Amino acid sequence: MNQNRSIGELIRDFLSETGQLAYFAGRFFREVVRPPYEFREFLRQCYQMGNRSLVLVLVTGFIIGLVLTLQSRPTLIEFGAESWMPNMVGISIVREIGPVIIALICAGRIASGIGAELGSMRVTEQIDAMEVSGTNPFNYLVVTRVLATTLMIPLLVIFGDMIALYGSALVEYFKGGMSFQLYFNKVSDALAYADFIPATIKSFFFGFMIGLVGCYKGYYCQKGTAGVGKAANTAVVNASLLVFFVDFMAVFISDIFY
Amino acid sequence: MGKSTSQYVKLGVFVILGSLLILVMAYMIGNEQNIFRSTFRITAVFSNVNGLQKGNNVRYSGISVGVVKDIVMENDTSIRVYMRIEESMLDHIKDDAVAMVGSDGLVGSMLINILPGKGEGNPITDGDEIPTFSRINTQDMLTTLNVTNENAALLTADLLEVTQALRNGSGILSQLLYDSTMAKDLQQSFHNLRISTVQSRQAVNRLNEMIQQWQLEQSTLNLLMNDPEFSDQIRGVASNLDSSGREIREMTGRLNELVGDLQAGEGTLGLLLKDSIMAEEIRHGLKHLDSGLVKFDENMEALQHNWLTRGYFKKLEREQEKQEKKDKKNKKD
């Protein structure tokens, strides 16, 4: 049904969507400081998003570290630079691969979950009911979720980074005979705050974007069952795109400062 | 309620662990950059830092002891590098230590190497400036390597010629390498040499034994070699010989003078030898004397036959006969 839309209409839709999202973000910042504070709901969301995603993140991170090291080894050996493996893997995981991959995984798991959950609440008119009953649904549903993702994603990223480095060290230990102590010494030698701090800061933005897009898509879900599916789907796509966009911005800004 | 409490506990563990990991990572990075240790600052002035950057490591005798904090261009030829060094190194780094810009491996990042001085300097203090040494940079090194390569190529060509000459030529080296007869000869020579060495060693041993025997026994040689009295005597004989020689020389001189005088014809003998007139006169005189003697014989013969003197001569003959008989008798006894 969207096939006949012109480029102008697409641009207009895109701008409109961006504007609505910006408005939604503005509303979040207004509501976050306004009581009542839904603390218990916030903790519940933290548990749902943090703890429940941990296993997925750990497995993915471990495999990333393992595979990255295994794939890079032959090339580095060819250059006689095998001892540089910890430096290379450490910097690439902490600076870029860790935050982005884990943010994408969380976009898939969390953003779709939020989109589907809020979408179905919207479709089943639970949100409308909350508004009628005097409860602020935005405060209860959106603020708690966005705050939870903003705080949990950086923690998941650090867990992912560590397990990825451990996976890489394991490969080096078994294939190259490098001790764990030497591996982590080399990693910490190669890393600087200029690598670690921007990566951690951008993880907060990734979390914020994932939560915001998920909530926005679910909150303004179209009517019907298809609407819920679409909300979940577009939440994942848009959150992933925004992760890359934020990543680009972060690299750009950190290049200016460091 | 029970379920949500356990969720909170799990969430708490998750958050605390995550925060700890962030702290651990921050500490690991900060530890490498000496952020959490007490440090002091030293400076060094270089003419070229070869791409050194803030945060690069500083090593003292190969141990990582600090980081480069700042790099400031002082004027058109000198760059001041500020380094932050661990305080525990204060006692070890002396003010005659030398800073040098180097790199971590061939393609590694740049760093500053501080090399210890001769150990005679005073311990360094906060804010001190240490001397520097500008190491040869990669470009200069490559230029030198290029020259070395060209030389190596020339050397290789020469070596090739020598090898070919060795392989194809008939010189002594070529024969050594490829002539089996010569190898056998050489082997035989070495064998003989070994035998000769053994024999000469035996000879030397025997000589040693002999010398030892000479030294031990009271032989003339030992006496000659070891008796101080004898050597004094010898010395006396030699000095006598010396004085005798001197006298003989004097005597010979005098004889020479005499012969010279004789040759010059001075004195009676000289006259006899040299004066021909006198010689002639003497010869003449002798002739007269000879004829006089003949006549004297004739007179004596006449005297024997004279009756006045005949008795005397007969008496003489008888006494002579008696004497002969007595002599014969004595011989028979």
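Thresholds applied
Residues numbered from 1 in each chain as written. Chains lettered and ligands numbered in written order. Predicted model: local features only at pLDDT ≥ 70, side-chain atom pairs only at ≥ 80, totals over all residues. Helix = DSSP H or I, 4+ residues; strand = E, 2+ residues; numbered from the N terminus. Buried ≥ 20, exposed ≤ 12 C-beta atoms within 10 Å, placed from the backbone. Contact = placed C-beta atoms within 7 Å. Nonpolar A, V, L, I, M, F, W, Y, C, P; charged D, E, K, R; others polar. Pairing = 2+ DSSP bridges. Axes fitted to C-alpha atoms, helices over the stretch in contact; angles between N-to-C directions. Expected span 1.5 Å × (residues − 1). Core = buried A, V, L, I, M, F, W, Y, C linked by C-beta atoms within 7 Å. Parallel < 35°, antiparallel > 145°, perpendicular 65-115°, else oblique. Left-handed = near helix turned anticlockwise from the far one by under 90°. pLDDT = per-residue confidence, 0-100.

Colleague: Please clarify how the overall build of chain A should be interpreted in this entry.
Modeller: Counting its secondary structure elements, chain A contains 8 helices and 0 strands. From first element to last, N terminus to C terminus, chain A shows the α and β order α-α-α-α-α-α-α-α. The 258 residues of chain A split such that 42% are buried. Look at the contacts in chain A between residues 6 or more apart in sequence, and 87% of them connect residues 24 or more apart.

Colleague: Sorry, what's going on with the overall build of chain B here?
Modeller: Tallying secondary structure elements over chain B gives 9 helices and 6 strands in all. Every one of the 333 residues in chain B was classed for burial, and the buried ones make up 10%. Taking as baseline every contact in chain B between residues at least 6 positions apart, the subset at least 24 positions apart corresponds to 56%.

Colleague: Please explain the interface of chain B and chain A as it appears in this structure.
Modeller: Much of the literature gives interface size as the accessible area that the parts lose upon coming together. Contacts between the two partners involve 17 residues from chain B and, on the opposite side, 18 residues from chain A. In the side of chain B that touches chain A, the residues fall into 10 nonpolar, 5 polar and 2 charged.

Colleague: It is not clear to me how the sheet that holds strand β5 (residues 98-103) of chain B should be interpreted in this structure. Could you clarify?
Modeller: Paired through their backbone hydrogen bonds, the strands of a sheet run either parallel or antiparallel. Residue and element names in this part refer to chain B. The mixed open sheet is built from 6 strands, whose spatial order is β1-β4-β3-β2-β6-β5. Because the sheet does not close on itself, it has two edges, and the strands there are β1 (39-46) and β5. On average, each strand axis in the sheet is tilted by 35° relative to the strand beside it, whichever way the strands run. In terms of strand pairing, strand β3 (residues 63-73) meets strand β4 (residues 79-86) through 7 bridges, oriented antiparallel.

Colleague: Help me understand helix α7 (residues 193-219) of chain A, please; the structure alone is not making it clear to me.
Modeller: Along an α-helix, a turn takes 3.6 residues, which lines up residues three or four apart on a common side. The end-to-end C-alpha distance of α7(A) is 38 Å, a good match for the 39 Å that 27 residues give at a rise of 1.5 Å each. Judged by how many residues are buried, α7(A) sits mostly within the fold: 20 of 27 residues are covered.

Colleague: When you look at unusual backbone geometry in this model, what are you seeing that I'm missing?
Modeller: One can expect most non-glycine residues to show negative phi and most peptide bonds to be in trans. All names here are of chain B. Unusually for a residue other than glycine, N50 sits at a positive phi of about 50°. Mapping N50 onto the fold places it in the loop between β1 and β2 (57-60). Residue classification places N50 among the partly exposed positions, given that 14 C-beta atoms sit within 10 Å. One non-glycine residue, S61, lies in positive phi territory at about 55°. With respect to the element layout, S61 can be found in the loop between β2 and β3. Given 12 C-beta atoms within a 10 Å radius, S61 is considered exposed.

Colleague: Would you explain the nonpolar core in this entry?
Modeller: Generally speaking, a soluble globular protein has its nonpolar side chains buried in company with each other. In this structure, A:L156, A:M209, A:I210 and A:A239 are the most contacted members of the largest nonpolar core, which totals 75 residues. Counting residues per element, the ones that place at least two in this core are α2 (39-78), α3 (85-123), α5 (137-176), α6 (180-190), α7 and α8 (225-257) of chain A together with α1 (2-32) of chain B. In terms of residue count, the dominant contributor to this core is α5(A) (20 residues). The residues touching A:A239, leaving out its near neighbours within four places in the chain, are A:A107, A:A111, A:M209, A:I210, A:V213 and A:G214. B:V49, B:Y60, B:I85 and B:I130 belong to the second largest nonpolar core, which has 21 residues in total.

Colleague: Would you mind going over the packing of α3(A) against α6(A) with me for this structure?
Modeller: Two packed helices can be described by the angle between their axes and the distance between those axes. Residues and elements named next belong to chain A. α6 packs onto α3 with a crossing angle of 55° between their chain directions and a minimal axis gap of 8 Å. Compared by their axis directions, α3 and α6 come out oblique. Pair α3 / α6 crosses with right-handed handedness. Contacts between α3 and α6 involve P86, N87, G90 and I91 from the first element and Y183, K186, V187 and A190 from the second. Of the residues that constitute the contact of α3 with α6, the class distribution is 5 nonpolar, 2 polar and 1 charged.

Colleague: Please clarify how the confidence of the model for chain B should be interpreted in this entry.
Modeller: In low-pLDDT regions, the fine details of the predicted coordinates are not to be read closely. Residues and elements named next belong to chain B. Mean pLDDT for chain B: 82, with 90% of residues reaching 70 or above. The spread of mean pLDDT over the elements of chain B runs between helix α5 (residues 220-226), the lowest at 67, and β4, the highest at 89. In the model output, the complex is listed with pTM 0.59 alongside ipTM 0.73.

Colleague: Please explain the packing of α2(A) against α5(A) as it appears in this structure.
Modeller: Residue and element names in this part refer to chain A. Relative to each other, α2 and α5 sit at 25°, their axes nearing to 6 Å. Classified by the angle between their axes, α2 and α5 sit roughly parallel to one another. Both α2 and α5 take part in a crossing whose hand is right-handed. Residues that form the contact of α2 with α5 fall into these classes: 26 nonpolar, 12 polar and 6 charged.

Colleague: Honestly, the environment of A:P99 in this entry has me stumped. Any pointers?
Modeller: Residues and elements named next belong to chain A. Positionally, P99 belongs in helix α3. Using a count of 30 C-beta atoms within 10 Å as the deciding quantity, one classes P99 as buried. Separated by 105 residues in the primary sequence, P99 and F204 place their C-alpha atoms 9.8 Å from one another. If we ignore the near neighbours within four places in the chain, the residues touching P99 are V157, A199, K202, S203 and F206.

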